[in-house]
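Chain by chain, the residues:
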Amino acid sequence: MRFLYTSAIRIYEIGVKTAALFGNQKAKLWVEGRRTLPETQTDDSNWIWFHAASLGEFEQGRPVIEALKTQYPQFKILLSFFSPSGYEIRKNYPLADEVVYLPSDTPKNASLWLKRHHFVAAFFIKYEFWFNYMKALKDNDIPLFYISLILKPNQYFFQWYGGWFRKQLQNVTHFFVQDEPTEKLLHSIGIDNTTVCGDTRFDRVAAIALQAKPFPEIESFINGRKCIIAGSSWQPDEKLLVNCIHRLPDDYCFIMAPHDISEAHISQIKELLGSDYQLYTELDDKKTSKVLVLNTIGILSQLYQYARFVYIGGGFGVNIHNIQEPVTFGCPVIFGPKYKSFKEAVDLVSFGGAFSISSQAELDAVFGRLLTDESSYHKASIVCKDYVEAQIGATSGIMRGFSQLFFEEKA
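Remember, predicted model here, so these are calculated numbers, not experimental data.

A word on the overall build of the chain. Helix and strand counts for the chain come out as 18 helices and 14 strands. Here the C-alpha atoms of the chain give a radius of gyration of 23 Å, agreeing with the 22 Å that 2.2 N^0.38 yields for 411 residues. Each of the three principal axes of the chain carries a C-alpha extent, and together these read 65 × 45 × 45 Å. The 411 residues of the chain split such that 54% are buried. Within the chain, contacts between residues at least 6 apart in sequence are counted, and of these 65% link residues at least 24 apart. Side-chain charges of the chain comprise 42 positive and 45 negative groups, with the mean position of each set lying 4 Å from the other.

Take a look at the structure:
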């Protein structure tokens, strides 16, 4: 079975290289990044390896990296990414002593990888299962920890054909999982080395909220009005939102932060809005407009401090984007029907802090309620604040568990 798994990895690699040859930019970055990996390095330092699929998983691992650097500064950190969308943005992350792409998961690459440094531990974030790397870590007596892991019953570990995959989980030293259902699933297949700690991403977004800086130009645009923000919107979201925007009361303004900020997509948004908008890069504080289009990246997570409530995009595509950032500021959130992969979204819909819509009529109804019914709005906002408060602390739990397990093993 390992041969078949490794063969599938090699076929995937060939597919990506082929896509790169035909001009796929993301595939090209994936290939070039791995081609230029530094040569094997050796020093006398003890290294801990963190691996993230992409940017979202990095943000979950980041609080643990920061806590580890504070508590155990003697360790160096190697941070690896699978996806260019994570590596290209965080390749200069200052708390990592080295940031690289992870080579394809073959036995040879795994063996060479562990010769890069003297690794003393590894952390895989959320659901990065690379079975040849996992085996190599086990074979070299390097403890492997999973953080913020969340699993579902339909995953291959829990199917009739999942025997080999279940066996690979025995290579893991400890699983720090997000919730009790995940722990129960692992227990059902004989994996008992688990601790429920929650999602470390809440620790990260709570820190962002506490450190949020003022944005004078945004405050000037808002100018005392109530503000609604659409974060990471896609075209299907925007087509629905524009109808709500045109009917907003005069004491409201709207910030639209599209996921795609290419010139072509910004032009489409302009056409939808028609008039009464400004672009962030051309913001004129002497002009009053109803809509601000955020045609830049890097500040959205802190702008939620100005929002009354928020629409999060992606729910009419593959899946919604991150809702934790606005919820941390006590913002009720609205999103499309594709949200059930995210525990916090499912929880908040059931508790009344988030609202899923599937049509223009449903969006209009939720907008209207949050705009005009103060009781409904405040109830949803309190639900969001209380939910986040209850989730904070996963990082502390992981650090306690790691310290106990790691140093006991080394004793």
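Here we take up the sheet that holds strand 2 (residues 76–81). Reading across from one edge, 3-2-1-4-5-6-7 is the order of the 7 strands in this open sheet, with parallel pairing throughout. Looking at which strands have only one partner, the edges of the open sheet turn out to be strand 3 (98–101) and strand 7 (194–196). Averaged over all pairs of adjacent strands, the angle between their axes in this sheet comes to 20°, without regard to strand direction.

Take a nonpolar patch on the surface next. Together, Met 1, Phe 3 and Leu 4 line one region of the surface with nonpolar side chains, adding up to about 370 Å² of accessible area. Along the polypeptide, Met 1 turns up in the segment before helix 1 (2–21). Overall, the relative accessible area of 47% leaves Met 1 in the partly exposed class.

Residues Glu 98 and Val 100 of strand 3 are buried on one face, and the alternating residues Val 99 and Tyr 101, pointing to the opposite face, are buried as well. Handedness of the crossover joining strand 2 and strand 3 through helix 4 (residues 84–90) is recorded here as right-handed.

Glancing now at the nonpolar core. By size, the foremost hydrophobic cluster in this structure holds 42 residues, and its most contacted members are Trp 49, Trp 113, Phe 129, Met 134, Tyr 146 and Phe 175. In terms of residue count, helix 6 (residues 131–139) provides more of this core than any other element does, 5 residues in total. Residues within four places of Phe 175 in sequence aside, it is in contact with Tyr 146, Leu 149, Leu 169, Leu 186, Ile 191, Asn 193, Thr 194 and Thr 195. In terms of nonpolar packing, the next biggest core, distinct from the first, is built from 36 residues, Phe 221, Cys 227, Leu 303 and Tyr 304 among them.

Now for the packing of aromatic side chains. This structure, assessed with the given rule, holds 40 aromatic pairs. A centroid spacing of 4.7 Å and a plane angle of 5° characterise the contact between Phe 50 and Phe 123, whose relative ring orientation is stacked. Of this pair, Phe 50 sits in strand 1 (residues 46–52) while Phe 123 sits in strand 4 (residues 118–125), and the two are 73 residues apart along the sequence. For Phe 50, a relative accessible area of 0% puts it in the buried group. When its relative accessible area of 0% is taken as the criterion, Phe 123 is described as buried. Considering the side-chain rings of Phe 157 and Phe 158, the 6.2 Å spacing of their centres and the 70° angle between planes classify their relative orientation as edge-to-face.

Neither face of strand 12 (residues 309–312) is left uncovered, since the one carrying Phe 309 and Tyr 311 and the one carrying Val 310 and Ile 312 both have all their residues buried. Across 4 bridges, strand 8 (residues 226–233) lies against strand 12 in parallel orientation. In the sheet register, Ile 228 faces strand 12, and the bridge partner there is Phe 309.

With that settled, the discussion passes to helix 11 (residues 235–246). Residues lying three or four places apart along an α-helix face the same way, a consequence of the helix completing one turn every 3.6 residues. With 12 residues, helix 11 extends 17 Å between its outermost C-alpha atoms, agreeing within 8% with the 16 Å of an ideal straight helix rising 1.5 Å per residue. When we look at burial in helix 11, the residues that qualify are Asp 237, Glu 238, Leu 240, Leu 241, Val 242, Cys 244 and Ile 245. Turning to helix 11, the residues buried within the fold contact strand 8, strand 9 (252–258), helix 12 (263–273), strand 11 (291–293), strand 12 and helix 16 (360–372).

What follows covers the packing of helix 11 against helix 12. At a closest axis distance of 10 Å, the pairing of helix 11 and helix 12 adopts a crossing angle of 30°. Taken together, helix 11 and helix 12 sit at an angle that is classed as roughly parallel. In this structure, the crossing between helix 11 and helix 12 has a hand that is right-handed. Across the interface between the two elements, Gln 235, Glu 238, Lys 239, Val 242, Ile 245 and His 246 from helix 11 touch His 265, Gln 268, Ile 269, Leu 272 and Leu 273 from helix 12.

Running from N to C, helix 11 and helix 16 point in directions that differ by 45°, and their axes come no closer than 10 Å. If you check the angle between helix 11 and helix 16, you find them oblique. The hand of the helix 11/helix 16 crossing is right-handed. On helix 16, the residues that touch Lys 239, Leu 240, Leu 241, Asn 243 and Cys 244 of helix 11 are Gln 360, Leu 363, Asp 364 and Phe 367.

So, on to unusual backbone geometry. Unusually for a residue other than glycine, Lys 126 sits at a positive phi of about 70°. Along the chain, Lys 126 turns up in the loop between strand 4 and helix 6. Since its relative accessible area comes to 11%, Lys 126 is described here as buried.

About the cut-offs
Residues numbered from 1 in each chain as written. Predicted model: local features only at pLDDT ≥ 70, side-chain atom pairs only at ≥ 80, totals over all residues. Heavy atoms only, no water. Helix = DSSP H or I, 4+ residues; strand = E, 2+ residues; numbered from the N terminus. Rg over C-alpha atoms; globule rule 2.2 N^0.38 Å. Buried < 20%, exposed > 50% of the residue type's maximum accessible area, 1.4 Å probe, protein only. Contact = heavy atoms within 4.5 Å. Lys, Arg positive; Asp, Glu negative; His and termini not counted. Charge placed at Lys NZ, Arg CZ, Asp CG, Glu CD. Pairing = 2+ DSSP bridges. Axes fitted to C-alpha atoms, helices over the stretch in contact; angles between N-to-C directions. Patch = residues over 30% accessible without salt bridge, like charges linked within 9 Å, V, L, I, M, F, W, Y side chains within 5 Å. Areas by Shrake-Rupley, 256 points an atom, 1.4 Å probe, with all protein chains shown as cover. Salt bridge = Lys/Arg side-chain N within 4 Å of Asp/Glu carboxyl O. Right-handed = clockwise from strand over helix to strand, strands pointing away. Core = buried A, V, L, I, M, F, W, Y, C linked by side-chain atoms within 4.5 Å. Phe/Tyr/Trp six-rings, centres within 6.5 Å; stacked < 30°, edge-to-face > 60°. Expected span 1.5 Å × (residues − 1). Parallel < 35°, antiparallel > 145°, perpendicular 65-115°, else oblique. Left-handed = near helix turned anticlockwise from the far one by under 90°.

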